[in-house]
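A structural walkthrough
Given next are the chains, with one letter for each unit.
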Amino acid sequence: MRVTGEVQRHAWLQGHLPPIEQVRPGLWSVPVPIPRSPLRYTLTYVVETASGLLVLDPGWDVDEAWQALLGGLTTIGAAVSDVRGVVVTHVHPDHHGLSARLREASGAWVAMHPAEAATLPARVWATGDRGHQDEEWLRRCGLPADIVAELVLPPEAMKAFLAMAEPDRLLEDGDLVPDAGRPLRAVWTPGHTPGHLCFHDETDDLLLSGDHVLPRISPNIGLQPHTADPPLAAYIASLERVGARYDSAEVLPAHEYRFAGLAHRVRVLLEHHRRRGEEILAVLERRGEATVWQIAGELTWSRGWSQVTGFMRRAAVAETLAHLQWLSEAGHVGVRPDPSGTAPDRYLIGAGIGD
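Everything in this summary refers to the structure shown in the same document. Keep in mind that this is a model prediction, so the values were computed, not measured. (Residues numbered from 1 in each chain as written. Predicted model: local features only at pLDDT ≥ 70, side-chain atom pairs only at ≥ 80, totals over all residues. Heavy atoms only, no water.)

1. A short note on the overall build of the chain
The cut-off we apply is this: Counting from the N terminus, the helices are DSSP H or I runs at least four residues long and the strands are E runs at least two residues long. Atoms counted for the radius of gyration: C-alpha only. Globule rule: 2.2 Å times residue count to the power 0.38. Each residue is placed in one exposure class: buried if its accessible area under a 1.4 Å probe, protein chains only, is under 20% of its type's maximum, exposed if it is over 50%, and partly exposed if it falls in between. By definition in these notes, contact holds between two residues if any of their heavy atoms fall within 4.5 Å. Surface exposure here means Shrake-Rupley accessible area, sampled with a 1.4 Å probe, where a residue is shielded only by the protein chains that are shown. Counted as positive: Lys and Arg. Counted as negative: Asp and Glu. His and the chain ends are not counted at all. The location of each charge is read from NZ of Lys, CZ of Arg, CG of Asp or CD of Glu.
Within the chain, the secondary structure is distributed over 13 helices and 15 strands. Its C-alpha atoms give the chain a radius of gyration of 21 Å, near enough to 20 Å, the size a compact globule of 355 residues would have. Projected onto the principal axes, the alpha-carbon positions of the chain cover approximately 60 × 40 × 40 Å. Taken over 355 residues, the chain has a buried fraction of 50%. Taking all contacts inside the chain whose residues are at least 6 apart in sequence as the whole, residues at least 24 apart take part in 64%. Carbon and sulfur atoms make up 52% of the accessible area of the chain, which amounts to about 15000 Å² in all. Where the 32 positive side-chain charges of the chain centre and where its 45 negative ones centre are 4 Å apart.

Encoded structure:
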């Protein structure tokens, strides 16, 4: 892998926001800060077209991010009124949060994959008692009661997420982004989220990769309480697809810095997940059986488990559960559910347990 965004990488290493950059004629990279996050910023991409601007992943809905986005538009000689379309790789708030505000200020349309629209919090939380279901999911994963109380998502905490924009347009795999002024083709890459999209600029051979492939970290692939679809199997298939088809492209990720050598980076990510699976099996061989929470606490985390706090704990549990599901589908791991439904599920080496 070769870093192509040297200025971006230098800023990342120094802990600063990178500068606004013109990546290619008519294509700009604008860093938009993320509050209280180790990711620090989202790299928003702005595409100039004959009719105005397209904005890809406008960022988190806070004033600091909004002002950074507006400042970026000013730097490239434009204004919010020039925005004609907003395209999102996925609906996580550091990507899709500002879409509604940008649409309201500009009149732009918002586009995403239909599978991503189906996961918008306003849709997911509209059915059933989601707060109770969320708490039950954490308990079944084996989290202690005090940690459950800390991590459960209360309705008031969901208000900002429930207000995220519904799409005006849907983009399927292979669709060209409308009004882009260049052949910008949607590439469906489920895994990080069910409807995650990358975008291939066919003129300049660029892959705007969202969170699907990042140069330094492994994106979180987690099994969430509102879906049973296997995210890790989907992610691995998506990785193999882009690694085979787009290795010649320069990769423009949503975080960190630009790079080339996609196939190599894909191999590294695939190896990471293989080793994580082996690590989980080693934990189960040592313990005999364990809850998701117990397994997560014995895995290797970049910050160390003691530093995995707050929302990162939810992400770690969801990621561990996704790996357990993947191992279960391969016949390596079985689950022993509690018959009463009141105690956590327990995982162990073997297949077909609890069928």
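2. Considerations on helix H2 (residues 63-75)
In plain terms, the rule: To estimate how far a helix should reach, multiply one less than its number of residues by 1.5 Å. Here, the arc refers to the directions that run from the helix axis to the C-beta atoms.
Its 13 residues place the ends of H2 18 Å apart at the C-alpha level, agreeing with the 18 Å of an ideal helix rising 1.5 Å per residue. Those residues of H2 that sit buried are Ala 65, Trp 66, Leu 69, Gly 72 and Leu 73. Projected down its long axis, H2 carries its buried residues within an arc of 125°, all on one side. Exposed side of H2, more than 90 degrees from the buried face: Asp 63, Glu 64, Gln 67, Thr 74 and Thr 75 are the residues found there. Residues of H2 that are buried sit in contact with strand E3 (27-33), strand E4 (41-49), strand E5 (52-56), strand E6 (83-87) and helix H4 (99-106). Phi turns positive, to about 85°, at Gly 77, one or two residues after H2.

3. Re the nonpolar core
One broad trend across soluble globular proteins is that nonpolar side chains are buried collectively. Operational definition: For the purposes of this section, nonpolar cores are sets of buried Ala, Val, Leu, Ile, Met, Phe, Trp, Tyr and Cys residues that join through side-chain atoms within 4.5 Å.
Core analysis: the largest hydrophobic core is formed by 29 residues, its most contacted members being Leu 143, Leu 284, Ile 295, Leu 324 and Tyr 347. Among the secondary structure elements, those contributing two or more residues to this core are helix H7 (130-140), helix H8 (145-151), helix H11 (262-287), helix H12 (292-296) and helix H13 (311-329). Per element, the largest residue contribution to this core is seven residues, and it comes from H13. Filtering out sequence-adjacent residues up to four positions away, Leu 284 remains in contact with Glu 289, Ala 290, Ile 295, Leu 324, Val 333, Tyr 347, Leu 348 and Ile 349.

4. Some points on the packing of aromatic side chains
Under the convention used in this document: Each Phe, Tyr or Trp ring, with Trp reduced to its six-membered ring, pairs with another whose centre is within 6.5 Å; inter-plane angles below 30 degrees give stacked pairs, above 60 give edge-to-face pairs, and intermediate values give tilted ones. Only Lys NZ and Arg CZ are tested; either one counts as a charge over a ring when it is within 6 Å of the ring centre and within 35 degrees of the ring normal.
One pass over the full model with this rule turns up three aromatic pairs. Look at Trp 12 and Tyr 41: their rings are 5.9 Å apart centre to centre, the planes differ by 80°, and that puts the pair in the edge-to-face class. Here the residue Trp 12 occupies a position in helix H1 (residues 6-14), and Tyr 41 occupies one in strand E4, the gap between them amounting to 29 residues. For the pair shown, Trp 12 and Tyr 41 are each scored as buried. When the centroid spacing of 5.4 Å and the interplanar angle of 65° are considered together, the rings of Trp 293 and Trp 305 count as edge-to-face. With Trp 293 in helix H12 and Trp 305 in the loop between H12 and H13, this residue pair connects regions lying 12 residues apart in the sequence. By relative accessible area, which is 15% here, Trp 293 ends up buried. In this structure, Arg 40 packs its charged tip against the face of Trp 12, placed 4.0 Å from the ring centre. Sitting above the plane of the Trp 301 ring, Arg 276 keeps its charged end 4.4 Å from the centroid.

5. Notes on the pattern of salt bridges
Formally: Only one rule defines a salt bridge in this text: a Lys or Arg side-chain nitrogen within 4 Å of an Asp or Glu carboxyl oxygen.
As enumerated under the stated definition, the model contains 24 salt bridges in all. Notably, a salt bridge pairs Asp 168 with Arg 103, separated by 2.9 Å at the nearest N-O pair. Taken as a pair, Asp 168 in the loop between helix H9 (159-162) and strand E8 (169-170) and Arg 103 in helix H4 lie far apart in primary sequence, 65 residues in all. A relative accessible area of 23% means that Arg 103 is categorised as partly exposed. Connected through salt bridges with shared partners, the residues Glu 21, Arg 24, Glu 250 and Arg 258 form a single ionic network.

6. Digging into the packing of H2 against H4
For any two helices packed against each other, the geometry is given by the interaxial angle and the distance between the axes. Inclusion rule: Axis angles are defined between N-to-C directions and span 0 to 180 degrees, where every axis is a line fitted to C-alpha atoms and, for a helix, only to the segment in contact. Roughly parallel here means an angle under 35 degrees, roughly antiparallel means over 145, roughly perpendicular means 65 to 115, and every remaining angle is called oblique. Note on convention: the crossing is left-handed when the near helix lies turned anticlockwise from the far helix by less than a right angle, right-handed when the turn is clockwise. Classes in brief: Ala, Val, Leu, Ile, Met, Phe, Trp, Tyr, Cys and Pro nonpolar; Asp, Glu, Lys and Arg charged; the others, Gly included, polar.
Two numbers describe how H2 lies on H4: the axes approach to 11 Å, and their chain directions differ by 50°. Relative to H4, the element H2 lies oblique. Judged by the sense of rotation from one axis to the other, the crossing of H2 with H4 is right-handed. The segment H2 lies against H4, with Asp 63, Trp 66 and Leu 69 engaging Arg 101, Leu 102 and Ala 105. Along the lines of polarity and charge, the residues of the contact of H2 with H4 split into four nonpolar, no polar and two charged.

7. Digging into H11
For H11, which comprises 26 residues, the first-to-last C-alpha distance of 38 Å matches the rise-based estimate of 38 Å (1.5 Å per residue) to within 8%. Inspection of H11 places Leu 262, Ala 263, Arg 265, Val 266, Leu 269, His 273, Arg 276, Gly 277, Ile 280, Leu 281, Val 283 and Leu 284 among the buried residues, and these make up the whole buried set. A positive backbone phi angle near 95° is found at Gly 288, which sits one or two residues after H11.

8. Considering the packing of helix H10 (residues 231-245) against H13
At a minimum axis separation of 7 Å, H10 and H13 run at an interaxial angle of 85°. On the basis of their axis angle, the class for H10 and H13 is roughly perpendicular. Of the residues in H13, those in contact with Pro 231, Leu 232, Ala 233 and Ile 236 of H10 are Ala 322, His 323, Gln 325, Trp 326 and Glu 329.

9. Comments concerning the sheet that holds E5
Filter applied, for reference: Two strands are said to pair when DSSP picks up at least two bridges between them.
In spatial order, the strands read E2-E3-E4-E5-E6-E7-E8; together these seven strands make up an open sheet with mixed pairing. Looking along the sheet, the strands with just one partner apiece sit at the ends: strand E2 (21-24) and E8. The pairing of E4 with E5 spans five bridges and is antiparallel. Of the residues in E5, the one forming a bridge with Val 47 is Leu 54.

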